[in-house]
Amino acid sequence: MVLGLCFGVFGAITGAARPEVKVTVSSRAEIKIRVESLSPGREWSFRNAYAGVLGLAERVEQFHAFGAGGTDLGVKKITSGEFRANVGAETIEYVVKLARPSAADVAHVSWIGGESGFLVPADLLPQQLTDVLVEFSLPSGWTIHSTIEADGQGRYRIPKPENAVFFVGRGLRRQAK
C-alpha cells in the first residue's frame, strides 16, 4: 500500500519565501521528501539523536539540491545527516528510511508499519525548517490524528516540529474525555 503525505512548510520570517514540502511514502519503510521555494540555502542538517534515540540522521539518503530551472547542484555529504552545496539551492529532495523502531523507541521517532504509523516532523525535516504547515494525503481508509487541530483546509500549523506528532493508519479511532 502506498501512503502519500504532503507537508507545507512556511518560513519563520514574515514575508520570506515560504518553502513547500511534499512528502510521499512509496513503501512502508521509505518516505521521499521534496522541499521547494526555499530561500537559497547551501547547508542542511538533520537530527542524529532525538528523545534518546541515536542514528536518526543515518536514515537520510539520496539527498539532492536543485537551483533555478531544476539544475542539480551536486550536493556533498559532509557526515551523517549533514549536506552542503557550493551554491544556494531553491529545492531539495531526499529519502528517509522508516524502519519500525525498537519497542523502547516506538513513541519517539517516525515509523510506518503494517496499517499504521507515527510521524514526528522533527526527525523528518532539516533542522533549519520551522513554522511548518502540514497537509496530509492518505490512502483510502486511512485517517490522521494529533493533538494539534487542523485548519479549515485540513492543514496543521506547527511552529516547532519537535513538539508535534501524528498518528496515521487504517481504522484509527479517537476518543476524548
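Here, every reference points to the structure presented above.
Reference entry: report on the structure contained in this document. (Residues numbered from 1 in each chain as written. Predicted model: local features only at pLDDT ≥ 70, side-chain atom pairs only at ≥ 80, totals over all residues. Heavy atoms only, no water.)

## With respect to the overall build of the chain
For step 1, the next point in the chain: Assigned secondary structure in the chain consists of 0 helices and 16 strands.
For step 2, the next point in the chain: Within the chain, buried positions represent 44% of all 177 residues.
For step 3, the next point in the chain: A separation of at least 24 residues holds for 60% of the contacts in the chain among residues at least 6 apart in sequence.
For step 4, the next point in the chain: Working note: accessible area of the chain is about 9100 Å², and carbon and sulfur atoms make up 50% of it. (Helix = DSSP H or I, 4+ residues; strand = E, 2+ residues; numbered from the N terminus. Buried < 20%, exposed > 50% of the residue type's maximum accessible area, 1.4 Å probe, protein only. Contact = heavy atoms within 4.5 Å. Areas by Shrake-Rupley, 256 points an atom, 1.4 Å probe, with all protein chains shown as cover.)

## Notes on the environment of Lys 97
For step 1, the next point in the chain: Residue placement: Lys 97 occurs in strand β10 (residues 91–97).
For step 2, the next point in the chain: Accessibility expressed as a relative area gives 29% for Lys 97, which makes it partly exposed.
For step 3, the next point in the chain: Along the chain, Lys 97 and Lys 32 lie 65 residues apart, while their C-alpha atoms are 8.8 Å from each other.
For step 4, the next point in the chain: If sequence neighbours within four positions are ignored, Lys 97 has contacts with Ala 29, Glu 30, Arg 59 and Glu 61.

## As for the nonpolar core
For step 1, the next point in the chain: Ranked by internal contacts, the top residues of the largest apolar core, which has 34 residues, are Ile 33, Trp 44, Phe 63, Tyr 94, Leu 119 and Phe 166.
For step 2, the next point in the chain: Among the elements of the structure, β3 (30–36), β7 (60–66), β9 (82–89), β10, β14 (142–145), β15 (155–158) and β16 (166–170) are those that each provide at least two residues to this core.
For step 3, the next point in the chain: Setting aside chain neighbours within four positions, we find Phe 63 in contact with Trp 44, Phe 46, Val 75, Phe 83, Ile 92, Glu 93 and Tyr 94.
For step 4, the next point in the chain: One finds Val 53, Val 109, Trp 111 and Val 120 within the second-largest nonpolar core, a separate group that totals 8 residues. (Core = buried A, V, L, I, M, F, W, Y, C linked by side-chain atoms within 4.5 Å.)

## Let's talk about the pattern of salt bridges
Should their charged atoms come close, side chains of opposite charge can pair.
For step 1, the next point in the chain: Counted by the stated rule, this structure contains 8 salt bridges.
For step 2, the next point in the chain: In this structure, the salt-bridge partner of Arg 34 is Glu 93, at a minimum N-O distance of 2.7 Å. With a gap of 59 residues between them, Arg 34 in strand β3 and Glu 93 in strand β10 connect regions that are remote in the sequence.
For step 3, the next point in the chain: On the accessibility criterion, Glu 93 (15% relative accessible area) is buried.
For step 4, the next point in the chain: One salt bridge in this structure joins Glu 43 and Arg 84, with 3.1 Å as the shortest N-O distance. Placement of Glu 43 in strand β4 (residues 41–45) and of Arg 84 in strand β9 is noted, with a sequence separation of 41 residues between them.
For step 5, the next point in the chain: The class of Arg 84 is partly exposed, set by a relative accessible area of 35%.
For step 6, the next point in the chain: Connected through salt bridges with shared partners, the residues Glu 30, Glu 61 and Lys 97 form a single ionic network. (Salt bridge = Lys/Arg side-chain N within 4 Å of Asp/Glu carboxyl O.)

## Comments concerning the packing of aromatic side chains
For step 1, the next point in the chain: A complete count under the given rule lists 8 aromatic pairs for this structure.
For step 2, the next point in the chain: Between Phe 46 and Phe 63 the ring centres are 6.2 Å apart and the planes differ by 80°, which places this aromatic pair in the edge-to-face class. Of the two residues, Phe 46 is situated in the loop between β4 and β5 (49–50) and Phe 63 in strand β7; the sequence distance between them amounts to 17 residues.
For step 3, the next point in the chain: Owing to a relative accessible area of 4%, Phe 46 belongs among the buried residues under this scheme.
For step 4, the next point in the chain: Judged by centre distance (4.9 Å) and plane angle (70°), the rings of Phe 46 and Tyr 94 are edge-to-face. (Phe/Tyr/Trp six-rings, centres within 6.5 Å; stacked < 30°, edge-to-face > 60°.)

## What about the sheet that holds strand β11 (residues 111–113)?
For step 1, the next point in the chain: Overall, antiparallel pairing links the 4 strands, which are arranged β11-β12-β16-β14 in an open sheet. Each of the sheet's edge strands pairs with one partner strand only, and the pair in question is β11 and β14. Averaged over all pairs of adjacent strands, the angle between their axes in this sheet comes to 10°, without regard to strand direction.
For step 2, the next point in the chain: Here strand β12 (residues 116–119) runs beside β16; their pairing, made up of 4 bridges, is antiparallel. Within the sheet, the bridge partner assigned to Ser 116 lies in β16 and is Gly 169. (Pairing = 2+ DSSP bridges. Axes fitted to C-alpha atoms, helices over the stretch in contact; angles between N-to-C directions.)

Spatial relationships are all this shows, so hold off on functional conclusions.
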